[in-house]
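Report on the structure
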Amino acid sequence: MNQVVDVPGLVSELRAAQPEWERLGVEARTRWLRRYAEWLLDNQERIVAALAADTGKPTVEARIEFTVPVDLIKYSARHARGWLRPGHPAPPNLLNAMKQATVTHRPYPVVAVITPWNFPLGLSLCDAIPALLAGAAVVVKPASATPRSVIAAIQGWAEIGAPPVFRVLHGPGSSGAALVEQADFVQFTGSTEVGIRIAERCAQRLVPCGLELGGKDAAIVLADADLDLAVRGIAWGALANAGQMCTSVERVYVESAVYPRFVERLSAHVGALRRGADVAPLVTTDQFDLVRAHLVDALAAGARVAVGGNTDRDAKWVQPTVLTGVDHTMAVVCEETFGPLIPVIEVADADEAVALANSSRFGLSASVWTRDTRRGRAIAARLDAGSVNINDSHANVFFFAAPMDGWKQSGLGGRFGGADSVLRYCRPQTVTAPRAPIPYQRYLLWFPYTPSGTVVLGRIMRALAATGRRRWGW
Ligand code: NDP
């Protein structure tokens, strides 16, 4: 199904169409996005079917994935005009009093959005929409394993007759690499390894990139937690999308006072989940092999299966599995698994949980489970993670008014964050102009430098820059 695509040609077409899109202004762009949202809703079932067919995810999860970008359009369209309004910063000192500065937000002309197979549609659109609102042209390179929903959705942009600034590049990873050579901004979601390669190339080209990479999110269960809430929330946090989420709960630290009860209840809940209806097989055989390797290695090193543990390579099926007897020497606790395994570790207290949670090279998000929200916030402030959810999983992913930022090897720049979601695709442009016509003789900084002029200017600048008696020292 892969096509041979002339990547430089595609980017040149977008580059040619972009200035007119920018000139339209944010209100007209917002109108196009709203029409696009209507088209998406009118074509929901077709796109959701393509998404479910490509990924094998339960229809309910495919529908949620479809709805998030539609909701993002509604939210962003409401605010984009305000976010992009030009600013007029007040003069910083008397010397600039006669100047007016206007700061506008000009888009990077061509934005590349490169996305993985776990949320092909949601991630592609959620990164493309703010860039389009900013006035950029956007090309999406979806994962080659799951392109169909993305292709179907982006066709809609042409079908509504919108300006030709939103295209899809369907091809292998090498076409993503070719795109990185051409784009003015690269927004990438995927593995840390490929993310680092992209960052290196962007650094050489001096173009910015946003990276949303892997995670190894910790859940911390304190002794005072509502255990039923924690069990259900953590099971969903670990197993939604069969655990193939960057923000999946991938390790659980439980205070010893409640550890046996937590494991027992979590195992009962996870054991009752239905294959296919609640938890689907994995998307790719490569991913199956990686998850199974983590499971086999852990068992060989002494881990125990509290529930689950069965696998079927032909079906890419890993039964949701709760593991005990695990520790930080095991890949299942240290490396991103991206599958339905839940290692649970007993800790003496919150301090030990925080230290272990922070011992990871990843820092995407985390969760804290406690009846004492103040204590939860205090623990959040000690965690090295871009987001922390108290008594919930994945909550930050849907809260697009706030930034979703990966720390450490989980990323750089992330996504979302209200105004930042659009402004990150823009370069600020400052235009200064005189507030009133000034005769050129009054431009003290210009040539020719004269001894008296230089002295006067030096004194004025020092008086303005310094404070107290130092203002008047020469
Ligand atoms: P990759 O990072 O390999 O791929 C992500 C996207 O980048 C795909 O569209 C891929 O294309 C493309 N790509 C691959 N190589 C390059 C390159 N050199 N330059 C530009 N683009 C490139 O991730 P995978 O999807 O293979 O998943 C591997 C691992 O990454 C998972 O096991 C998981 O641990 C992690 N991951 C993390 C995600 C997150 O949300 N943080 C999401 C998905 C995966 P193609 O598909 O054609 O190879």
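Residues numbered from 1 in each chain as written. Predicted model: local features only at pLDDT ≥ 70, side-chain atom pairs only at ≥ 80, totals over all residues. Heavy atoms only, no water.

1. Concerning the pairing of strand β16 (residues 387-390)
Residues in a regular strand point their side chains to alternate faces of the sheet. The alternating pattern of β16 places Ser387 and Asn389 on a buried face, while none of Val388 and Ile390, on the opposite face, is buried. Pairing of strand β15 (residues 365-369) with β16, which is carried by four bridges, proceeds in the parallel orientation. Each residue of the ladder has a partner; that of Ser367, found in β16, is Asn389. Once you follow β15 into helix α14 (residues 373-380) and on to β16, the crossover reads as right-handed. (Buried < 20%, exposed > 50% of the residue type's maximum accessible area, 1.4 Å probe, protein only. Helix = DSSP H or I, 4+ residues; strand = E, 2+ residues; numbered from the N terminus. Pairing = 2+ DSSP bridges. Right-handed = clockwise from strand over helix to strand, strands pointing away.)

2. Digging into the sheet that holds β15
The sheet built from seven strands is open, its strands ordered β9-β12-β13-β8-β7-β15-β16 with mixed pairing. Only two strands of the sheet have a single neighbouring strand rather than two, namely β9 (304-307) and β16. Strand-to-strand twist of the sheet, defined as the mean angle between neighbouring strand axes without regard to direction, takes the value 25°. Strand contacts of α14: β7 (217-221), β8 (249-255), β15 and β16, with the helix running at about 165° to β16, the strand carrying the most contacts. (Axes fitted to C-alpha atoms, helices over the stretch in contact; angles between N-to-C directions. Contact = heavy atoms within 4.5 Å.)

3. Topic: the packing of aromatic side chains
Under the counting rule described, the total for this entry stands at 12 aromatic pairs. The interplanar angle of 80° and the centroid separation of 5.6 Å between the aromatic rings of Trp21 and Trp157 together place this pair among those described as edge-to-face. Residue Trp21 is located in helix α1 (residues 7-24), and its partner Trp157 is located in helix α6 (residues 148-159); the two are separated by 136 residues in the primary sequence. What makes Trp21 buried here is its relative accessible area of 0%. Ring centres of Tyr75 and Phe400 lie 5.6 Å apart, and the angle between their planes is 40°; on these two criteria the pair is classed as tilted. With Tyr75 in helix α4 (residues 59-83) and Phe400 in the loop between α15 (395-398) and β17 (403-404), this pair connects stretches of sequence that are 325 residues apart. We note that Tyr75, like Phe400, is buried. Positioned above the aromatic ring of Tyr425, the side-chain terminus of Arg424 is 5.4 Å from the ring centre. (Phe/Tyr/Trp six-rings, centres within 6.5 Å; stacked < 30°, edge-to-face > 60°. Lys NZ or Arg CZ within 6 Å of the ring centre and 35° of its normal.)

4. Some points on the site of the ligand
Taken together, 28 residues lie near the ligand, and Trp117, Ser144, Ser191, Leu213 and Glu336 sit nearest. A distance of 3.5 Å separates an oxygen atom of the ligand from a polar atom in the backbone of Ala143. Here an oxygen atom of the ligand and a side-chain polar atom of Ser144 are 2.5 Å apart. Compared with its free state, where it exposes 870 Å², the ligand has 84% of that area covered by protein. Considering only residue class, the shell around the ligand consists of 13 nonpolar, 11 polar and four charged. (Near = heavy atom within 4 Å. Polar contact = N/O pair within 3.5 Å; in protein donor to acceptor, adjacent residues only side chain to side chain. Areas by Shrake-Rupley, 256 points an atom, 1.4 Å probe, with all protein chains shown as cover. Nonpolar A, V, L, I, M, F, W, Y, C, P; charged D, E, K, R; others polar.)

5. Description of the layout of surface pockets
One number sums up the size of the largest pocket: a volume of about 970 Å³. What lines the largest pocket is a set of 40 residues, among which Trp117, Phe188, Gly190, Ser191 and Val194 lie closest to the centre. Among the elements of the structure, α7 (173-180), β5 (185-189), α8 (192-205) and α11 (285-300) are those that each provide at least two residues to the lining of the largest pocket. For the lining of the largest pocket, the class distribution of residues is 18 nonpolar, 12 polar and 10 charged. (1 Å grid on protein atoms, 1.4 Å probe; cavity = no way out; pocket = protein on both sides within 12 Å on 5 of 7 lines; lining within 4 Å. Points joined across faces, edges and corners; volume = space filled by probe spheres on them.)

6. A word on the packing of α1 against helix α2 (residues 26-42)
To characterise two packed helices, one gives the angle between the axes of the helices and the distance between these axes. Relative orientation of the contacting elements α1 and α2 amounts to 105°, with a least axis distance of 5 Å. Between α1 and α2, the interaxial angle falls into the category roughly perpendicular. Residues Trp21, Glu22 and Leu24 of α1 pack against Val26, Ala28, Arg29, Trp32 and Leu33 of α2. Looking at the contact of α1 with α2 residue by residue, the classes come out as six nonpolar, no polar and two charged. (Parallel < 35°, antiparallel > 145°, perpendicular 65-115°, else oblique.)

7. Brief notes about the side chain of Thr146
As for its placement among the helices and strands, Thr146 is situated in the loop between β3 (137-141) and α6. On the basis of relative accessibility, which here comes to 0%, the residue Thr146 falls in the buried class. With residues near it in sequence (within four places) discarded, Thr146 still touches Asp54, Thr55, Pro116, Trp117, Pro120 and Val283.

8. Let's talk about empty space enclosed by the protein
As enumerated under the stated definition, the model contains four cavities of 30 Å³ or more in all. Taken as a whole, the largest cavity holds about 90 Å³ of empty space. Around the largest cavity, the lining is made up of 14 residues, and of these Arg251, Ala357, Ser365, Asp384 and Ala385 lie nearest the centre. Every element with two or more residues in the lining of the largest cavity is listed here: β7, β14 (362-363) and β15. Of the residues contributing to the lining of the largest cavity, the split by class is seven nonpolar, three polar and four charged. Quantified by volume, the second largest cavity comes out at close to 60 Å³. For the second largest cavity, the full set of lining residues is Asp217, Thr247, Val249, Ser365, Ala366, Ser367, Asn389, Asp392, Ser393 and His394. At three residues, β15 tops the list of elements feeding residues into the lining of the second largest cavity. Among the residues forming the lining of the second largest cavity, the class breakdown is two nonpolar, six polar and two charged.

9. Looking at the nonpolar core
If you look at the biggest cluster of nonpolar residues, it comprises 78 residues, and the most contacted ones within it are Tyr36, Leu40, Val111, Val138, Trp157, Phe166 and Val186. Not counting chain neighbours up to four residues away, the residues in contact with Tyr36 comprise Ile73, Leu125, Ala153, Ile154, Gly156, Trp157, Ile160 and Phe166. Ranked by size, the runner-up nonpolar core spans 55 residues in total, among them Ile234, Leu266, Val318 and Val333. (Core = buried A, V, L, I, M, F, W, Y, C linked by side-chain atoms within 4.5 Å.)

10. Focus: the packing of helix α9 (residues 227-239) against helix α10 (residues 259-271)
Close contact between α9 and α10 brings their axes to 9 Å; oriented N to C, the two are set at 55°. Regarding the angle of α9 to α10, the classification is oblique. Crossing of α9 over α10 shows right-handed handedness. For the pair formed by α9 and α10, the contact residues are Leu227, Asp228, Ala230, Val231, Arg232, Ile234, Ala235 and Leu239 on the first element and Arg261, Phe262, Arg265, Leu266, His269 and Val270 on the second. Taken together, the residues of the contact of α9 with α10 break down into nine nonpolar, one polar and four charged. (Left-handed = near helix turned anticlockwise from the far one by under 90°.)

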